[in-house]
Amino acid sequence: MPGNDWINSYLEAILDAGPAIDASKSSLLLRERGRFSPTRYFVEEVITGFDETDLYKTWVRAAAMRSPQERNTRLENMCWRIWNLARKKKQIEGEEALRMSKRRLERERGRRDATADMSEDLSEGEKGDVVSDLSAHGDSTRGRIPRISSVDAMEAWASQLKERKLYIVLISIHGLIRGENMELGRDSDTGGQVKYVVELARALASMPGVYRVDLLTRQISAPDVDWSYGEPTEMLTSRNSENFMHEIGESGGAYIIRIPFGPKDKYIPKELLWPHIQEFVDGALVHIMQMSKVLGEQIGGGQPVWPVVIHGHYADAGDSAALLSGALNIPMLFTGHSLGRDKLEQLLKQGRQTREEINSTYKIMRRIEAEELALDASEVVITSTRQEIEQQWQLYDGFDVILERKLRARLKRGVSCYGRYMPRMVIIPPGMEFNHIIVHDGDMDEVEGNEDNSASPDPPIWSEIMRFFTNPRKPMILALARADPKKNITTLVKAFGECRPLRELANLTLIMGNRDAIDEMSSTNAAVLTSVLKLIDKYDLYGQVAYPKHHKQSEVPDIYRLAAKTKGVFINPAFIEPFGLTLIEAAAYGLPIVATKNGGPVDIHRVLDNGLLVDPRDQQAIADALYKLVSDKQLWARCRQNGLKNIHLFSWPEHCKTYLSRLATFRPRHPQWKRSEDGFENSESDSPGDSLRDIQDISLNLKLSLDGEKAEDNGALESEESAVNEKSKLERLVAKLSKSVIRTNHKDASSENSSKLPLLRRRKHIFVIALDSVIHEDLIEIIKSVFEAAHKDRMSGSVGFVLSTSLTISEIHTILTSGGIPPTDFDAFICNSGSDLYYSSPNSDEMLSSSELPFAIDDDYHSQIEYRWGGEGLRKTLVRWAASVVEKKGESEEQIVIEDDQRSSTFCHAFKVKNPALVLPVKELRKLMRIQALHCHVLYSHDGTKLHVIPVLASRSQALRYLYVRWGTELSNMVVFVGESGDTDYEGLLGGVHKTIILRGAFNLPPSRLHEARSYPLRDVIAFDSPNVVQTEGCSSNDIQLALSQLGVLKE
């Protein structure tokens, strides 16, 4: 076998070894084990159990041994390596089996506890545990996909909605994103998701009623990427669609908005973007605020036009969208594209890496937590397939098919769910633009004859592919995928190479991205491509397989056309395919398909019925399916016609129509204030409602094309949810009155006619003191040092101060007054770990009694953070958990976690922890709540003695963003002072566009061991090398002044 010397040397060594190795020739290891057959071991373990490419490098060294005995020794060592791999794989499989068993028990217990709390009798719908009934998740089956079925209906719908003006924000952070000449396949981050989000933005912007769509991504000005990725704004030209084109306003249309964050001159993979997510969130928040005001001037009558939804794509954007949704109180959508837990399971099944090794490479635990947060915050999760719901989202703590059905059944009956909620799973297949596709309906031979006589030349990519073939007129089997092990290309080549009838009947074309040299590719992609080339050589497939090095994205349609012209077949043999957009593209050009039976292709095939599904691990099944389609012309023609007939169900107009109909069911949310202080804010009646009121009209108008029963259900559900929301508001009011020990004597900042509040907006800089790792006496001294360091600016009024802490407002008052610091020296107080926001009252001399504290609470802030707050239902669950945490002392038991009524407030459930070593860490307690459909933010104090549970999107860092949204205090002009460690929300205070000063010194107390039980290392989420982060060697005013000078905040 020329070119396969290493395989030959394999065989030679095995032959040299013979059927068994004599004791006289064996090494010490062989003598210890007795008789050993390398031949049998290799056949049983290498050939059937492992990909031989894994051992290639080791065998190169073995082949260099000329002595048969030395080669036998090397061969034996390789066998030991395989044995160790197999043992490691079984060990990992065993650990994962135990983990999954534990997870199943936890989920069952969570369901039981949740059902017990929801004390009313369950309906028949709630009792069902049949997962196959997905009516609670959306509809994706053929014939039930909502669509506008006639041109007249489409025109009527468009004419009714053309005056609506919605603003939609999409987020996709990683990869290289631009509107034209997309570099798909350049790397693993620039794949199908990039094309999806760009086309979605275009399609939504061309829909009636949608005024503007912004696609937010990362601005990249790196020398190794094109300059276009550094442009701040790119307008996406509309694909000329006659049905949906409408007049674009001054700022209307679809735009790519590139937000600068992370390393300024470096393109980095998505796994390294996590420490910079908060910087993106702050930049995106500034853009949305500015754009909302601009649109308000143009189309909102002077009132800001807020986004109707923020839609995150992939885990990193989901994390960002959740924070933006919380800061702006705007509904959120999420599309996972691919999911971290599913990837983790697939990698663990391979048995080659432990969980820790996988996390080190892929930052998988940070990704999973981002996806869990997206579940916490999303109104709707858009999936492509039924499989994604049943097998992938089901792996997450925040979603359970059975419990979700029970909750929806209660909502439909108008029964309270006691603070429990799960997002709605909606199946909306990705769309595609078909207007530019021209498919010949006549006989293919006839079409070939017509095209051969055409004056227009063949596309260049055709000759680039056909130059590989000895007979280019044979049917073409086309595969379009990255050179990635998951895509299973090597199995396809083996199936083609080992099936002589198939080779004689067809050619194989592999479009595996773009490359210049194999050595310049990533090691994984290079290994796959090398294996493909070796297989081509092994089966002598020269003249039968094409593998061009380059192709443009604009040439992909020509590739499909060439395959269809030859009466070929498109194949997607991936081990698992989340959706399979290429299958839809191929069907649009009249290509029958052969696809994996794992994942999205099952749903696509159910709708299109245009090919065959196969087991991707069954090489013979792949060959048989391909041969059947290319050899049976009647079957080929029937599959082609079925695909062309049904392909409209996957068009972008269909996708956007369903998308907008889902938005219409949302309860509108947006920033709104109870009272305007100085013309900056808008009253509720005058709040920016054009965009949000319009969507209610869309909800009605969309009914003309939706299934009647389905539309009726949506309307009923909306009204029932509103009734439940009203009931929940009354319950919260009662709870608020019962917990008014602290708040009754505080004035309402929204109604207080004070000149203090606008001052917060006029400050040039805001200094935020957020030290958790010091005792109260040291905190007072540090506050005085900060005041002294900024004395001149403080006196001039250009610097304001905010105290951010887990303490209550009464505790803050006691500490400040005992330290001789007037509370009025601070503009605001972020209390109870970010669940309460107070302002200093300048009228402290006019207080009615000595018990009245000089603070005014911001109830508008509570309206921002109350989304999905579990309230009393959450409190009862926490109390039950607290009662189960006990320490045994002899025959008696002592409860470790005690509810703290004095420190609790409406939006903060506080508990005392007597022994932090015996309580669950944050990740486990948060998991316990999520399993029961309770969404919250769990925090422990620095020393672990206090536990706070607050709304899921509330935090001290989010409170700073609220100050920007409410008062316009620039985030980039904030300076946050922290210690070397802090409460468990410490990481949120270090990220973003604000400046951070870490005060180092002996005054920092060591944190509780609870802080060590993190899901991921701190370095995965904090960019300690950021120029916005400075560390001091002390806490004196001189140290602080030096740090401020380094940050450019104060002049030396």
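Calculation rules
- Residues numbered from 1 in each chain as written.
- Predicted model: local features only at pLDDT ≥ 70, side-chain atom pairs only at ≥ 80, totals over all residues.
- Heavy atoms only, no water.
- Helix = DSSP H or I, 4+ residues; strand = E, 2+ residues; numbered from the N terminus.
- Buried < 20%, exposed > 50% of the residue type's maximum accessible area, 1.4 Å probe, protein only.
- Areas by Shrake-Rupley, 256 points an atom, 1.4 Å probe, with all protein chains shown as cover.
- Lys, Arg positive; Asp, Glu negative; His and termini not counted.
- Salt bridge = Lys/Arg side-chain N within 4 Å of Asp/Glu carboxyl O.
- Polar contact = N/O pair within 3.5 Å; in protein donor to acceptor, adjacent residues only side chain to side chain.
- Contact = heavy atoms within 4.5 Å.
- Pairing = 2+ DSSP bridges.
- Right-handed = clockwise from strand over helix to strand, strands pointing away.
- pLDDT = per-residue confidence, 0-100.
- Phe/Tyr/Trp six-rings, centres within 6.5 Å; stacked < 30°, edge-to-face > 60°.

What follows covers the overall build of the chain. On a plain count of helices and strands, the chain comes out with 38 helices and 29 strands. Scored against the burial criterion, the 1052 residues of the chain give a buried share of 60%. For the chain, the computed accessible surface area is about 43200 Å², with 49% contributed by carbon and sulfur atoms.

It is worth spelling out the side chain of E388 at this point. Tracing the backbone shows E388 in helix α14 (residues 386–392). One buried charge, E388, has no salt-bridge partner; the nearest side chain with opposite charge is R367, at 9.7 Å. In this structure the side chain of E388 is engaged in a polar contact, spanning 3.1 Å, whose partner is the backbone nitrogen of S384. Setting aside chain neighbours within four positions, we find E388 in contact with I382, T383 and W393.

As a further point, take the pairing of strand β13 (residues 593–596). In this structure, strand β12 (residues 569–572) lies alongside β13, joined through 3 bridges in parallel fashion. Residue F570 lies in a different strand from β13, and its bridge partner there is I593. Bridge count for β13 against strand β14 (residues 611–614) is 4 bridges, and the pairing is parallel. Paired with T596 across the strands is V614, a residue of β14. Each parallel crossover has a hand, and for β13 linked through helix α23 (residues 601–608) to β14 it is right-handed.

The subject of this paragraph is the confidence of the model for the chain. Model confidence for the chain is summarised by a mean pLDDT of 81, while 76% of its residues fall at 70 or above. Within the chain, the element-level pLDDT minimum falls on helix α2 (residues 28–33), averaging 40, and the maximum on strand β5 (residues 309–313), averaging 98. Confidence over residues 446–451 falls short of pLDDT 50; this stretch has 7 contacts with residues more than four positions distant or in other chains. Low pLDDT (under 50) marks residues 729–747, which in the prediction has 32 contacts with non-local residues, meaning those over four places away or in another chain.

You can see Q387 is positioned in helix α14. The residues contacting Q387, other than those within four sequence positions of it, are Q392, I576, G599 and D603. Among the polar contacts made by the side chain of Q387, one reaches the side chain of Q392 at a distance of 2.9 Å.

Turning to the sheet that holds strand β11 (residues 545–546), a few remarks are in order. Strand order in the open sheet formed by 6 strands is β11-β10-β9-β12-β13-β14, with parallel pairing between adjacent strands. At either margin of the open sheet sits one strand with a lone partner, and together these are β11 and β14. Direction of pairing for strand β9 (residues 476–480) relative to β12: parallel, over a ladder of 2 bridges. Residue pairing across strands places I477 opposite V569, the latter belonging to β12.

The subject of this paragraph is the packing of aromatic side chains. Applying the stated criterion across every chain yields a total of 18 aromatic pairs. Aromatic pair Y839 and W967: ring centres 6.0 Å apart, planes at 85°, arrangement edge-to-face. Here W967 lies in helix α36 (residues 956–967) and Y839 lies in strand β19 (residues 836–840), a separation of 128 residues in the sequence. Note on accessibility: Y839 and W967 belong to one class, buried. A centroid spacing of 6.2 Å and a plane angle of 40° characterise the contact between W869 and F907, whose relative ring orientation is tilted.

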